[in-house]
Amino acid sequence: MSDREFVVGRPHFGRFTRTPEENARALAEARDALTTAVAADLTEPGAPDLLDATIDLAEALTIAGHEGEAIALAAPAVQLARDAARTESLGWALLALATAEHYAGLPAESEPHFDEALAVARAGADRELEHYALHHLGRFLVDEGRSDDAVEAFTASLAIREQVGEPRAASTRAALEALLRSRR
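Below is a short write-up of the structure.

Definitions and limits used
- Residues numbered from 1 in each chain as written.
- Predicted model: local features only at pLDDT ≥ 70, side-chain atom pairs only at ≥ 80, totals over all residues.
- Heavy atoms only, no water.
- Helix = DSSP H or I, 4+ residues; strand = E, 2+ residues; numbered from the N terminus.
- Rg over C-alpha atoms; globule rule 2.2 N^0.38 Å.
- Buried < 20%, exposed > 50% of the residue type's maximum accessible area, 1.4 Å probe, protein only.
- Contact = heavy atoms within 4.5 Å.
- Areas by Shrake-Rupley, 256 points an atom, 1.4 Å probe, with all protein chains shown as cover.
- Lys, Arg positive; Asp, Glu negative; His and termini not counted.
- Charge placed at Lys NZ, Arg CZ, Asp CG, Glu CD.
- Polar contact = N/O pair within 3.5 Å; in protein donor to acceptor, adjacent residues only side chain to side chain.
- Expected span 1.5 Å × (residues − 1).

### Quick word on the overall build of the chain
Part 1: Helix and strand counts for the chain stand at 8 helices and 2 strands.
Part 2: In the chain, the succession of helices and strands from N to C terminus is β-β-α-α-α-α-α-α-α-α.
Part 3: Here the chain has a C-alpha radius of gyration of 16 Å; the compact-globule value for 184 residues is 16 Å, and the two agree.
Part 4: Considered along the principal axes of its C-alpha atoms, the chain spans approximately 60 × 35 × 35 Å.
Part 5: Counting across all 184 residues of the chain, residues that qualify as buried make up 43%.
Part 6: The long-range share in the chain, meaning contacts at least 24 apart out of those at least 6 apart in sequence, stands at 52%.
Part 7: Carbon and sulfur atoms provide 54% of the accessible area of the chain, an area that totals close to 9200 Å².
Part 8: If the 18 positive side-chain charges of the chain are averaged to one point and the 32 negative ones to another, these points end up 7 Å apart.

The structure is reproduced here in structure tokens:
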């Protein structure tokens, strides 16, 4: 698994990718988890969560380049999370939807979802969701040609990732460095 090269001016700045084999495995695992959640007895303690399994599959679909399918899953997941007042799931569903929309070339739809995912993270003091939302927002902003805003998003993501010891801080640092180099 890797991040694509961070090159300003190329589509999908540093998009996270997997090999075809890794995508096949991740999609199979996410589909199996969703199937298990659908079949689960919800009255049993520890039953798999259907909403979270749906969000996980949407994320795997986006990584595999199946943004349309991801949007088809993530958009209803956002509404279900809203209806059920499941704030944590809502934040992750919004991020999955925003990311899929970004890579599907739907910036007008994507940006408000990134903004809302970030607002949900901050309102709930969810540092993990916040650093992911900021990093993905930074990628989106680079692709939209808004480098000043992207620098701000990556800087904030990096600060959180370093504070919590997140290994993905290296990826955010590389994105920020590439962006700053391109502005010289």
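### A look at the side chain of serine 89
Part 1: Here serine 89 is to be found in helix H4 (residues 87-103).
Part 2: In terms of polar contacts, serine 89 uses its side chain to reach the side chain of arginine 86, at 3.0 Å.
Part 3: Among residues more than four places away in sequence, those in contact with serine 89 are Leu51, Asp52, Ile55 and Ala81.

### As for the side chain of threonine 172
Part 1: With respect to the helices, strands and loops of the structure, threonine 172 is situated in helix H8 (residues 169-182).
Part 2: Those residues in contact with threonine 172, other than ones at most four positions away along the chain, are His135, Phe154, Ser157, Leu158 and Arg161.

### Considering H4
Part 1: Here H4 is 17 residues long and its end C-alpha atoms lie 24 Å apart, about the 24 Å a rise of 1.5 Å per residue gives.
Part 2: Of all 17 residues making up H4, 14 are buried, and the element is well covered by its neighbours.

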